[in-house]
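# Structural characterization, general
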Amino acid sequence: MKQTVEQNFELPPESVIFGSSEAMRRVQRDLSLIATADVPVLIQGASGTGKEIIAKLVHKASPLSKGPYVKVNCPAIPDALLESELFGYEKGAFTGAYNSKPGLIALADRGTLFLDEIGELSMGLQSKLLQVLQDGKFCRIGAQEDTVSEARVICATNRDLKREIAAGTFREDLFYRVNVVNVSLPALRERSADIPELAEYFREHFNMMYNRKTPSLSASLMRVLQAYHWPGNIRQLENLIKRYVILGTEACISTDLAEPAPNTFDFEMPQEGPVPLKKITNQAVRRLEREIILKVLQAHHWNRRRAAEALKISYRALLYKIRDAGLSPNRTPVRSMPVETAATAPPAEPEPEDAGGVVTPLTQVAKVSNA
Ligand SMILES: Nc1ncnc2c1ncn2[C@@H]1O[C@H](COP(=O)(O)OP(=O)(O)OP(=O)(O)O)[C@@H](O)[C@H]1O
Ligand SMILES: [Mg+2]
(Lines give C-alpha, C1' and ligand atoms only; values in the text may rest on other atoms or scores of the structure.)
(Ligands and ions follow the chains in the order given, each with its own letter.)
Protein backbone atom coordinates (compact mmCIF):
# COMPACT_ATOMS: atom_id res chain seq x y z
CA MET A 1 0.00 0.00 0.00
CA LYS A 2 1.51 3.35 -1.02
CA GLN A 3 -0.22 5.69 1.38
CA THR A 4 -3.19 5.41 3.66
CA VAL A 5 -5.09 7.53 6.11
CA GLU A 6 -6.46 5.49 8.98
CA GLN A 7 -8.37 6.41 12.08
CA ASN A 8 -9.10 3.13 13.79
CA PHE A 9 -7.16 -0.04 13.50
CA GLU A 10 -6.73 -3.22 15.45
CA LEU A 11 -3.38 -4.30 16.82
CA PRO A 12 -2.29 -7.57 18.42
CA PRO A 13 -2.31 -7.45 22.24
CA GLU A 14 0.81 -5.87 23.72
CA SER A 15 1.69 -9.18 25.39
CA VAL A 16 2.06 -10.62 21.88
CA ILE A 17 3.78 -7.60 20.37
CA PHE A 18 6.47 -7.46 23.04
CA GLY A 19 6.56 -11.04 24.26
CA SER A 20 9.00 -11.77 27.03
CA SER A 21 12.43 -11.42 25.43
CA GLU A 22 14.75 -8.88 26.99
CA ALA A 23 15.29 -6.99 23.71
CA MET A 24 11.56 -6.37 23.28
CA ARG A 25 11.05 -5.58 26.95
CA ARG A 26 13.58 -2.77 26.46
CA VAL A 27 11.62 -1.53 23.44
CA GLN A 28 8.44 -1.63 25.53
CA ARG A 29 10.04 0.40 28.33
CA ASP A 30 11.34 3.00 25.85
CA LEU A 31 7.98 3.26 24.12
CA SER A 32 6.11 3.80 27.34
CA LEU A 33 8.31 6.84 27.92
CA ILE A 34 8.25 8.30 24.43
CA ALA A 35 4.69 7.67 23.26
CA THR A 36 3.33 10.61 25.20
CA ALA A 37 6.17 12.99 24.26
CA ASP A 38 5.66 14.72 20.94
CA VAL A 39 9.04 13.99 19.42
CA PRO A 40 10.02 12.26 16.18
CA VAL A 41 10.78 8.57 16.46
CA LEU A 42 13.03 6.52 14.20
CA ILE A 43 12.23 2.79 14.09
CA GLN A 44 14.99 0.60 12.73
CA GLY A 45 14.90 -3.10 12.05
CA ALA A 46 15.19 -5.68 9.31
CA SER A 47 12.27 -6.41 7.02
CA GLY A 48 9.33 -8.02 8.76
CA THR A 49 10.44 -7.26 12.33
CA GLY A 50 7.30 -5.23 13.03
CA LYS A 51 8.31 -1.61 12.40
CA GLU A 52 4.86 -0.65 11.22
CA ILE A 53 3.16 -2.35 14.15
CA ILE A 54 5.35 -0.33 16.50
CA ALA A 55 4.61 2.90 14.62
CA LYS A 56 0.88 2.23 15.00
CA LEU A 57 1.31 1.39 18.64
CA VAL A 58 3.13 4.67 19.29
CA HIS A 59 0.27 6.49 17.55
CA LYS A 60 -2.35 4.66 19.61
CA ALA A 61 -0.54 5.32 22.86
CA SER A 62 0.00 9.01 22.12
CA PRO A 63 -2.28 11.98 22.89
CA LEU A 64 -2.80 12.18 19.10
CA SER A 65 -4.49 8.78 18.97
CA LYS A 66 -7.85 10.31 18.07
CA GLY A 67 -6.24 12.02 15.09
CA PRO A 68 -5.37 10.46 11.74
CA TYR A 69 -2.55 7.98 11.17
CA VAL A 70 -1.12 8.65 7.71
CA LYS A 71 1.28 6.18 6.19
CA VAL A 72 3.57 7.11 3.31
CA ASN A 73 5.51 4.33 1.64
CA CYS A 74 8.42 6.39 0.31
CA PRO A 75 9.97 4.00 -2.26
CA ALA A 76 6.62 3.03 -3.79
CA ILE A 77 5.99 6.47 -5.30
CA PRO A 78 8.14 8.19 -7.95
CA ASP A 79 9.95 11.25 -6.65
CA ALA A 80 7.96 14.01 -8.39
CA LEU A 81 4.67 12.38 -7.46
CA LEU A 82 5.79 11.85 -3.89
CA GLU A 83 6.52 15.54 -3.53
CA SER A 84 3.02 16.51 -4.65
CA GLU A 85 1.49 13.75 -2.50
CA LEU A 86 3.38 14.92 0.57
CA PHE A 87 3.08 18.67 0.19
CA GLY A 88 -0.11 18.97 -1.86
CA TYR A 89 -0.60 21.47 -4.67
CA GLU A 90 -2.66 24.42 -5.84
CA LYS A 91 -4.94 24.30 -8.84
CA GLY A 92 -2.89 24.96 -11.99
CA ALA A 93 0.47 24.42 -10.24
CA PHE A 94 1.46 22.00 -12.98
CA THR A 95 -0.09 20.32 -15.99
CA GLY A 96 -2.86 18.09 -14.76
CA ALA A 97 -3.41 19.95 -11.46
CA TYR A 98 -7.09 20.67 -12.21
CA ASN A 99 -7.96 21.12 -8.56
CA SER A 100 -5.96 21.97 -5.49
CA LYS A 101 -5.19 19.07 -3.20
CA PRO A 102 -3.98 18.96 0.40
CA GLY A 103 -0.85 16.90 0.91
CA LEU A 104 -0.39 14.00 3.27
CA ILE A 105 1.52 16.19 5.71
CA ALA A 106 -1.56 18.41 6.01
CA LEU A 107 -3.85 15.38 6.31
CA ALA A 108 -1.75 14.15 9.23
CA ASP A 109 -2.33 17.39 11.15
CA ARG A 110 -2.85 16.57 14.83
CA GLY A 111 -2.13 12.97 14.10
CA THR A 112 0.83 10.86 13.06
CA LEU A 113 2.73 10.93 9.79
CA PHE A 114 4.49 7.59 9.30
CA LEU A 115 7.24 7.77 6.70
CA ASP A 116 8.10 4.18 5.83
CA GLU A 117 11.52 3.39 4.32
CA ILE A 118 12.79 6.92 4.78
CA GLY A 119 16.25 5.79 3.68
CA GLU A 120 14.88 5.64 0.14
CA LEU A 121 13.98 9.34 -0.05
CA SER A 122 15.88 11.36 -2.68
CA MET A 123 18.27 14.04 -1.43
CA GLY A 124 15.93 16.72 -2.81
CA LEU A 125 12.97 15.49 -0.80
CA GLN A 126 15.15 14.96 2.23
CA SER A 127 15.96 18.67 2.38
CA LYS A 128 12.28 19.60 1.94
CA LEU A 129 11.32 17.24 4.70
CA LEU A 130 13.97 18.72 6.94
CA GLN A 131 12.28 22.11 6.64
CA VAL A 132 8.93 20.63 7.68
CA LEU A 133 10.49 18.94 10.66
CA GLN A 134 12.09 22.18 11.78
CA ASP A 135 8.92 24.20 12.28
CA GLY A 136 6.00 22.21 10.89
CA LYS A 137 5.70 24.70 8.03
CA PHE A 138 5.60 23.72 4.40
CA CYS A 139 4.40 25.14 1.13
CA ARG A 140 1.94 23.47 -1.23
CA ILE A 141 3.31 23.29 -4.76
CA GLY A 142 2.26 26.53 -6.47
CA ALA A 143 1.08 28.20 -3.25
CA GLN A 144 2.16 31.64 -2.06
CA GLU A 145 1.86 30.98 1.64
CA ASP A 146 3.06 28.36 4.04
CA THR A 147 0.75 25.83 5.64
CA VAL A 148 1.34 24.52 9.15
CA SER A 149 0.87 20.92 10.20
CA GLU A 150 1.14 19.66 13.75
CA ALA A 151 1.83 16.08 12.83
CA ARG A 152 4.02 13.83 14.85
CA VAL A 153 6.53 12.21 12.53
CA ILE A 154 7.55 8.58 12.87
CA CYS A 155 10.06 7.19 10.40
CA ALA A 156 11.10 3.62 9.70
CA THR A 157 13.98 2.13 7.83
CA ASN A 158 15.68 -1.19 7.34
CA ARG A 159 18.87 0.56 6.23
CA ASP A 160 21.81 1.57 8.33
CA LEU A 161 21.36 5.33 8.04
CA LYS A 162 24.79 6.10 9.51
CA ARG A 163 26.30 4.13 6.68
CA GLU A 164 24.07 5.99 4.21
CA ILE A 165 25.34 9.27 5.67
CA ALA A 166 28.93 8.12 5.22
CA ALA A 167 28.09 7.17 1.62
CA GLY A 168 26.58 10.62 1.03
CA THR A 169 23.08 9.34 0.32
CA PHE A 170 21.37 10.47 3.52
CA ARG A 171 21.52 13.93 5.09
CA GLU A 172 23.13 13.97 8.47
CA ASP A 173 21.01 16.91 9.67
CA LEU A 174 17.83 15.04 8.72
CA PHE A 175 19.08 11.98 10.56
CA TYR A 176 19.45 13.97 13.79
CA ARG A 177 15.99 15.46 13.27
CA VAL A 178 14.20 12.16 12.83
CA ASN A 179 16.34 10.24 15.28
CA VAL A 180 15.37 12.13 18.45
CA VAL A 181 14.26 8.79 19.82
CA ASN A 182 15.48 5.56 18.33
CA VAL A 183 13.76 2.19 18.55
CA SER A 184 15.72 -0.76 17.24
CA LEU A 185 13.78 -3.97 16.67
CA PRO A 186 15.53 -7.32 17.05
CA ALA A 187 15.45 -10.03 14.40
CA LEU A 188 13.02 -12.83 15.21
CA ARG A 189 15.86 -15.33 15.72
CA GLU A 190 17.12 -13.07 18.53
CA ARG A 191 13.82 -13.41 20.33
CA SER A 192 13.10 -17.09 19.74
CA ALA A 193 11.56 -17.33 23.23
CA ASP A 194 8.65 -15.31 21.84
CA ILE A 195 7.98 -17.63 18.90
CA PRO A 196 5.47 -19.95 20.66
CA GLU A 197 3.29 -17.03 21.71
CA LEU A 198 3.47 -15.36 18.29
CA ALA A 199 2.72 -18.65 16.51
CA GLU A 200 -0.25 -19.31 18.77
CA TYR A 201 -1.56 -15.79 18.23
CA PHE A 202 -1.34 -16.15 14.44
CA ARG A 203 -2.95 -19.60 14.57
CA GLU A 204 -5.96 -18.32 16.48
CA HIS A 205 -6.16 -15.24 14.28
CA PHE A 206 -6.16 -17.24 11.03
CA ASN A 207 -8.46 -19.92 12.44
CA MET A 208 -11.00 -17.14 12.99
CA MET A 209 -10.30 -15.52 9.65
CA TYR A 210 -10.62 -18.74 7.63
CA ASN A 211 -13.13 -20.43 9.88
CA ARG A 212 -10.85 -23.35 10.69
CA LYS A 213 -10.11 -25.38 13.79
CA THR A 214 -6.48 -26.18 13.10
CA PRO A 215 -4.89 -27.38 16.38
CA SER A 216 -1.83 -25.99 18.14
CA LEU A 217 1.53 -26.95 16.69
CA SER A 218 3.26 -29.97 18.20
CA ALA A 219 6.04 -29.37 20.72
CA SER A 220 8.61 -30.89 18.34
CA LEU A 221 7.69 -28.57 15.46
CA MET A 222 7.71 -25.64 17.86
CA ARG A 223 11.30 -26.51 18.75
CA VAL A 224 12.12 -26.48 15.04
CA LEU A 225 10.50 -23.05 14.70
CA GLN A 226 12.56 -21.78 17.61
CA ALA A 227 15.80 -23.06 16.10
CA TYR A 228 15.08 -21.68 12.62
CA HIS A 229 16.87 -18.50 11.48
CA TRP A 230 13.83 -16.60 10.08
CA PRO A 231 15.31 -14.42 7.33
CA GLY A 232 11.84 -12.88 6.80
CA ASN A 233 11.27 -12.38 10.54
CA ILE A 234 7.72 -12.12 11.93
CA ARG A 235 6.15 -11.70 8.50
CA GLN A 236 7.61 -15.05 7.46
CA LEU A 237 6.32 -16.70 10.64
CA GLU A 238 2.90 -15.17 10.07
CA ASN A 239 2.75 -16.48 6.50
CA LEU A 240 3.94 -19.91 7.58
CA ILE A 241 1.20 -20.20 10.20
CA LYS A 242 -1.36 -18.92 7.71
CA ARG A 243 -0.38 -21.74 5.37
CA TYR A 244 -0.54 -24.23 8.23
CA VAL A 245 -4.05 -23.12 9.17
CA ILE A 246 -5.28 -23.26 5.59
CA LEU A 247 -3.66 -26.57 4.63
CA GLY A 248 -4.16 -28.12 8.06
CA THR A 249 -1.04 -30.31 8.40
CA GLU A 250 2.37 -29.73 9.91
CA ALA A 251 4.00 -31.63 7.06
CA CYS A 252 3.13 -28.87 4.62
CA ILE A 253 5.23 -26.33 6.48
CA SER A 254 8.09 -28.37 7.90
CA THR A 255 9.96 -28.54 4.57
CA ASP A 256 10.18 -24.72 4.55
CA LEU A 257 12.25 -24.90 7.69
CA ALA A 258 14.85 -27.37 6.50
CA GLU A 259 17.24 -24.80 5.05
CA PRO A 260 20.29 -24.36 7.28
CA ALA A 261 20.96 -21.03 8.95
CA PRO A 262 23.65 -18.94 7.30
CA ASN A 263 26.22 -17.18 9.48
CA THR A 264 24.55 -18.12 12.70
CA PHE A 265 25.72 -20.24 15.51
CA ASP A 266 23.08 -21.46 17.86
CA PHE A 267 24.74 -21.92 21.16
CA GLU A 268 22.57 -23.90 23.47
CA MET A 269 23.38 -23.49 27.10
CA PRO A 270 23.66 -27.01 28.54
CA GLN A 271 21.46 -27.76 31.53
CA GLU A 272 24.53 -28.73 33.52
CA GLY A 273 28.22 -29.52 33.11
CA PRO A 274 31.09 -27.49 31.71
CA VAL A 275 30.84 -24.97 28.89
CA PRO A 276 34.26 -25.20 27.19
CA LEU A 277 34.68 -21.72 25.78
CA LYS A 278 37.61 -22.52 23.49
CA LYS A 279 35.88 -25.48 21.87
CA ILE A 280 32.57 -23.67 21.35
CA THR A 281 34.27 -20.56 19.98
CA ASN A 282 36.29 -22.69 17.56
CA GLN A 283 33.10 -24.35 16.33
CA ALA A 284 31.46 -20.97 15.84
CA VAL A 285 34.42 -19.57 13.93
CA ARG A 286 34.54 -22.66 11.71
CA ARG A 287 30.86 -22.26 10.88
CA LEU A 288 31.41 -18.61 10.03
CA GLU A 289 34.50 -19.40 7.97
CA ARG A 290 32.55 -22.01 6.03
CA GLU A 291 29.87 -19.47 5.12
CA ILE A 292 32.42 -16.88 4.06
CA ILE A 293 34.30 -19.34 1.87
CA LEU A 294 31.05 -20.50 0.30
CA LYS A 295 29.99 -16.93 -0.50
CA VAL A 296 33.36 -16.06 -2.01
CA LEU A 297 33.33 -19.26 -4.08
CA GLN A 298 29.86 -18.50 -5.35
CA ALA A 299 30.88 -14.92 -6.17
CA HIS A 300 33.73 -16.35 -8.27
CA HIS A 301 31.53 -19.03 -9.89
CA TRP A 302 33.49 -21.69 -8.06
CA ASN A 303 36.77 -20.66 -9.65
CA ARG A 304 38.89 -21.74 -6.71
CA ARG A 305 42.08 -19.99 -7.79
CA ARG A 306 40.34 -16.62 -7.92
CA ALA A 307 38.47 -17.35 -4.70
CA ALA A 308 41.77 -18.20 -2.97
CA GLU A 309 43.25 -14.92 -4.19
CA ALA A 310 40.24 -12.99 -2.88
CA LEU A 311 40.42 -14.77 0.46
CA LYS A 312 44.17 -14.15 0.64
CA ILE A 313 44.94 -17.76 1.37
CA SER A 314 46.85 -20.23 -0.77
CA TYR A 315 45.11 -22.35 -3.35
CA ARG A 316 46.10 -25.50 -1.51
CA ALA A 317 44.72 -24.13 1.73
CA LEU A 318 41.42 -23.33 0.06
CA LEU A 319 41.13 -26.84 -1.39
CA TYR A 320 41.77 -28.23 2.04
CA LYS A 321 39.17 -26.00 3.61
CA ILE A 322 36.60 -26.83 0.93
CA ARG A 323 37.02 -30.48 1.63
CA ASP A 324 37.18 -30.03 5.37
CA ALA A 325 33.94 -28.04 5.39
CA GLY A 326 32.23 -30.45 2.99
CA LEU A 327 31.42 -27.70 0.51
CA SER A 328 30.24 -28.39 -3.00
CA PRO A 329 28.88 -26.17 -5.79
CA ASN A 330 25.29 -27.18 -5.10
CA ARG A 331 25.78 -26.38 -1.42
CA THR A 332 24.92 -29.82 -0.13
CA PRO A 333 27.44 -31.05 2.40
CA VAL A 334 29.54 -33.82 0.84
CA ARG A 335 31.00 -36.77 2.64
CA SER A 336 33.71 -37.51 0.11
CA MET A 337 35.75 -35.09 -1.95
CA PRO A 338 33.70 -33.47 -4.75
CA VAL A 339 34.59 -34.78 -8.19
CA GLU A 340 35.84 -31.46 -9.50
CA THR A 341 37.94 -30.94 -6.40
CA ALA A 342 39.31 -34.44 -6.62
CA ALA A 343 40.47 -33.81 -10.15
CA THR A 344 42.68 -30.91 -9.18
CA ALA A 345 43.26 -31.26 -5.51
CA PRO A 346 46.75 -31.87 -4.25
CA PRO A 347 47.31 -34.32 -1.43
CA ALA A 348 45.11 -33.56 1.50
CA GLU A 349 47.75 -32.41 3.95
CA PRO A 350 47.02 -28.89 5.14
CA GLU A 351 49.11 -25.84 4.42
CA PRO A 352 51.08 -24.55 7.41
CA GLU A 353 48.34 -22.02 8.11
CA ASP A 354 45.87 -24.85 8.60
CA ALA A 355 48.13 -26.87 10.83
CA GLY A 356 46.54 -28.16 13.96
CA GLY A 357 43.09 -26.99 12.93
CA VAL A 358 43.87 -23.43 14.08
CA VAL A 359 40.91 -21.23 13.26
CA THR A 360 41.20 -17.89 11.51
CA PRO A 361 40.86 -15.03 14.01
CA LEU A 362 37.55 -13.22 13.77
CA THR A 363 39.21 -9.91 12.91
CA GLN A 364 40.67 -11.49 9.80
CA VAL A 365 37.42 -13.19 9.01
CA ALA A 366 35.61 -9.86 9.18
CA LYS A 367 38.16 -8.33 6.82
CA VAL A 368 37.56 -11.10 4.32
CA SER A 369 33.80 -10.69 4.53
CA ASN A 370 34.09 -6.97 3.88
CA ALA A 371 36.40 -7.39 0.92
N1 LIG B 1 5.02 -8.20 17.48
C2 LIG B 1 4.12 -8.59 16.58
N3 LIG B 1 3.05 -9.26 16.95
C4 LIG B 1 2.17 -9.70 16.03
N5 LIG B 1 2.30 -9.52 14.72
C6 LIG B 1 3.35 -8.85 14.30
C7 LIG B 1 4.32 -8.33 15.20
N8 LIG B 1 5.27 -7.70 14.50
C9 LIG B 1 4.92 -7.82 13.21
N10 LIG B 1 3.78 -8.50 13.08
C11 LIG B 1 3.13 -8.84 11.82
O12 LIG B 1 4.18 -9.20 10.94
C13 LIG B 1 4.01 -8.57 9.67
C14 LIG B 1 5.20 -7.67 9.41
O15 LIG B 1 5.16 -6.58 10.31
P16 LIG B 1 5.47 -5.09 9.82
O17 LIG B 1 4.81 -4.80 8.50
O18 LIG B 1 5.15 -4.18 10.95
O19 LIG B 1 7.05 -5.23 9.62
P20 LIG B 1 8.07 -4.20 8.97
O21 LIG B 1 9.26 -4.21 9.85
O22 LIG B 1 7.39 -2.90 8.74
O23 LIG B 1 8.43 -4.91 7.60
P24 LIG B 1 9.00 -4.24 6.23
O25 LIG B 1 10.37 -3.70 6.53
O26 LIG B 1 9.06 -5.38 5.30
O27 LIG B 1 8.01 -3.18 5.84
C28 LIG B 1 2.69 -7.82 9.73
O29 LIG B 1 1.68 -8.57 9.12
C30 LIG B 1 2.44 -7.64 11.21
O31 LIG B 1 1.07 -7.66 11.47
MG1 LIG C 1 7.00 -1.88 6.93
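Residues numbered from 1 in each chain as written. Chains lettered and ligands numbered in written order. Predicted model: local features only at pLDDT ≥ 70, side-chain atom pairs only at ≥ 80, totals over all residues.

Looking only at helices and strands, the protein has 17 helices and 10 strands in total. With 371 residues in all, the protein has 27% of them scored as buried. Contacts spanning at least 24 positions in sequence make up 74% of the contacts within the protein whose residues lie at least 6 apart. (Helix = DSSP H or I, 4+ residues; strand = E, 2+ residues; numbered from the N terminus. Buried ≥ 20, exposed ≤ 12 C-beta atoms within 10 Å, placed from the backbone. Contact = placed C-beta atoms within 7 Å.)

A word on the pairing of strand β9 (residues 152-157). Along a regular strand, successive side chains alternate from one face of the sheet to the other. Burial within β9 is extensive, with 6 of its 6 residues counted as buried. By the alternation rule, side chains of β9 split into Arg 152, Ile 154 and Ala 156 and Val 153, Cys 155 and Thr 157, which are all buried. In terms of strand pairing, strand β2 (residues 41-44) meets β9 through 4 bridges, oriented parallel. Within β9, the position partnered with Leu 42 by the bridge is Cys 155. As defined by bridge partners, strand β6 (residues 112-116) adjoins β9 across 4 bridges and the pair is classed as parallel. Residue pairing for β9: Thr 112 is matched across the bridge by Arg 152. (Pairing = 2+ DSSP bridges.)

Now for the environment of Tyr 89. By the element assignment, Tyr 89 lies in strand β4 (residues 88-89). When the C-alpha positions of Tyr 89 and Ser 100 are compared, they lie 5.4 Å apart, and in sequence the two are 11 residues distant. Setting aside residues up to four positions removed in sequence, Tyr 89 forms contacts with Ser 84, Phe 94, Ala 97, Ser 100, Lys 101, Arg 140, Ile 141 and Gly 142.

Residues Ile 43, Ile 105 and Leu 113 are the most contacted members of the largest nonpolar core, which totals 42 residues. Apart from the residues lying within four places of it in its own chain, the contact partners of Ile 43 are Lys 51, Ile 54, Ala 55, Ile 154, Ala 156, Val 183 and Leu 185. Grouped together as the second largest cluster of nonpolar side chains are 15 residues, Leu 188, Leu 217, Trp 230 and Tyr 244 included. (Core = buried A, V, L, I, M, F, W, Y, C linked by C-beta atoms within 7 Å.)

This part covers the site of ligand 1. Close to ligand 1 lie 16 residues, the nearest being Ser 47, Gly 50, Lys 51, Glu 52 and Arg 235. Elements represented by at least two residues in the shell around ligand 1 include exactly α1 (14-18), α3 (51-61) and α11 (233-247). Its residues assigned to classes, the shell around ligand 1 comprises 6 nonpolar, 6 polar and 4 charged. (Near = placed C-beta within 6 Å. Nonpolar A, V, L, I, M, F, W, Y, C, P; charged D, E, K, R; others polar.)

Chain-level statistics for the protein give a pLDDT mean of 82 and a share of 84% at 70 or above. The weakest mean pLDDT in the protein belongs to helix α17 (residues 362-370) at 30; the strongest belongs to helix α9 (residues 195-210) at 97. (pLDDT = per-residue confidence, 0-100.)

Our focus in this paragraph is the packing of α9 against α11. For the pair α9 and α11, interaxial distance at closest approach is 9 Å and the crossing angle is 45°. Comparing their axes, α11 and α9 come out oblique. Seen along the crossing, α9 lies across α11 with a hand that is right-handed. Contacts between α9 and α11 involve Ile 195, Leu 198, Ala 199, Phe 202, Arg 203, Phe 206, Asn 207 and Tyr 210 from the first element and Ile 234, Leu 237, Glu 238, Ile 241, Lys 242, Val 245 and Ile 246 from the second. Tallied by class, the residues present in the contact of α9 with α11 amount to 11 nonpolar, 1 polar and 3 charged. (Axes fitted to C-alpha atoms, helices over the stretch in contact; angles between N-to-C directions. Parallel < 35°, antiparallel > 145°, perpendicular 65-115°, else oblique. Left-handed = near helix turned anticlockwise from the far one by under 90°.)

What follows covers the packing of helix α14 (residues 304-311) against helix α15 (residues 315-325). In contact at an axis separation of 9 Å, α14 and α15 are set at 105° when each is read in the N-to-C sense. In terms of axis orientation, α14 runs roughly perpendicular to α15. Listed contacts from α15 to Arg 304, Arg 305, Ala 307, Ala 308 and Leu 311 of α14 are Tyr 315, Leu 318 and Leu 319.

Quick look at unusual backbone geometry now. At Arg 110, a position not held by glycine, the phi torsion is positive, near 60°. Note on placement: Arg 110 falls in the loop between α5 (104-107) and β6. According to the C-beta neighbour criterion, Arg 110 is partly exposed, with 13 such atoms within 10 Å. Its identity as a non-glycine residue notwithstanding, Trp 230 has a phi of 50°, on the positive side. Looking at the secondary structure, you find Trp 230 in the loop between α10 (219-227) and α11. Classification of Trp 230 as buried rests on a count of 24 C-beta atoms within 10 Å.

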